[in-house]
Amino acid sequence: MARKVVSRAEKAAEAEAAEKALASKKKKSSKRTKTAENVRMRLYWGVFSQNLKRVAVFDFDKKGEADKRAKELSKGGKSPHFVQKVKEEIKIE
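This is a predicted model, so every value here is computed, not measured.

Reading the values: the criteria
- Positions within a chain are numbered from 1, following the residues in the order the chain's sequence is written.
- Totals for whole chains, interfaces and linings use every residue, but because this is a predicted model, local features are given only for residues with pLDDT of at least 70 and side-chain atom pairs only at 80 or more, for both listing and counting.
- The side-chain values count all of the structure's non-hydrogen atoms but skip hydrogen atoms and water molecules.
- Helix numbering and strand numbering both begin at the N terminus, where a helix is a DSSP run of H or I of at least 4 residues and a strand a DSSP run of E of at least 2.
- To get the radius of gyration, use the C-alpha atoms; to get the globule rule, take the number of residues to the power 0.38 and multiply by 2.2 Å.
- The cut-offs for exposure are 20% and 50% of the maximum accessible area for each residue type, with area from a 1.4 Å probe on protein chains only; residues under the lower value are buried, those over the upper are exposed, and the others partly exposed.
- By definition in these notes, contact holds between two residues if any of their heavy atoms fall within 4.5 Å.
- Accessible areas in this description were obtained via Shrake-Rupley with a 1.4 Å probe; residue shielding takes into account the shown protein chains only.
- Working convention for charge: Lys and Arg count positive, Asp and Glu count negative, and His plus the chain ends are omitted.
- We put the charge of a Lys on NZ, of an Arg on CZ, of an Asp on CG and of a Glu on CD.
- Definition used in this section: a nonpolar core is a set of buried Ala, Val, Leu, Ile, Met, Phe, Trp, Tyr and Cys residues joined via side-chain atoms within 4.5 Å.

1. Quick look at the overall build of the protein chain
Thought 1: Looking only at helices and strands, the protein chain features two helices and three strands.
Thought 2: Secondary structure elements of the protein chain occur, N-terminal to C-terminal, as α-β-β-α-β.
Thought 3: Taking 93 residues into account, the globule formula puts the C-alpha radius of gyration at 12 Å, and the protein chain, at 32 Å, lies well above it.
Thought 4: Taken over the C-alpha atoms alone, the protein chain extends approximately 95 × 40 × 15 Å along its principal axes.
Thought 5: Looking at the 93 residues of the protein chain, the share that counts as buried comes to 14%.
Thought 6: Once local pairs closer than 6 in sequence are excluded, the contacts in the protein chain between residues at least 24 apart make up 53%.
Thought 7: Summed over its atoms, the accessible surface of the protein chain is roughly 9,100 Å², and 51% of this surface lies on carbon and sulfur atoms.
Thought 8: A distance of 5 Å separates the average location of the 26 positive side-chain charges in the protein chain from that of its 13 negative side-chain charges.

So, in structure tokens, the structure goes:
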């Protein structure tokens with residue numbers, strides 16, 4: 001049986017044509033995505049229990065009060081409380 005002779009140049013041309021066809025299909029199928037709205041956030045100090053439950057929230061400029069509240073809740077051998085920053089979304093009315 002005789003084998004068919006395959007030209008490497010022809011095979012390379014076929015591969016390039018297939019890549020171009022695939023690339024053109026990808027460009028056509030692009031969808032417009034909706035841009036995300038800018039969400040405004042506000043920073044607070046939160047007092048949390050050892051179980052990560054938020055016990056109290058204070059404005060950002062009142063960190064001293066938040067620390068004081070955490071120490072007050074931690075007294076007497078109770079579970080320790082700590083202060084951490086909390087970001088919340090501002091809802092526009």
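2. Considerations on the nonpolar core
Thought 1: Counting residues in each nonpolar core, the largest one holds seven residues, listed as Trp45, Val47, Ala56, Phe58, Ala66, Ala70 and Leu73.
Thought 2: Of all elements in the fold, only β1 (41–48), β2 (54–59) and α2 (63–74) reach the threshold of two or more residues within this core.
Thought 3: Leave out the neighbours within four places in its chain, and Ala70 touches Val47, His81, Phe82 and Val83.

3. Digging into the environment of Val83
Thought 1: As for its position among the elements, Val83 is in strand β3 (residues 82–89).
Thought 2: Given a relative accessible area of 23%, Val83 falls into the partly exposed group.
Thought 3: Along the chain, Val83 and Ala23 lie 60 residues apart, while their C-alpha atoms are 53 Å from each other.
Thought 4: In this structure Val83 touches Trp45, Gly46, Val47, Ala66, Asp67 and Ala70, once residues within four positions along its chain are discounted.

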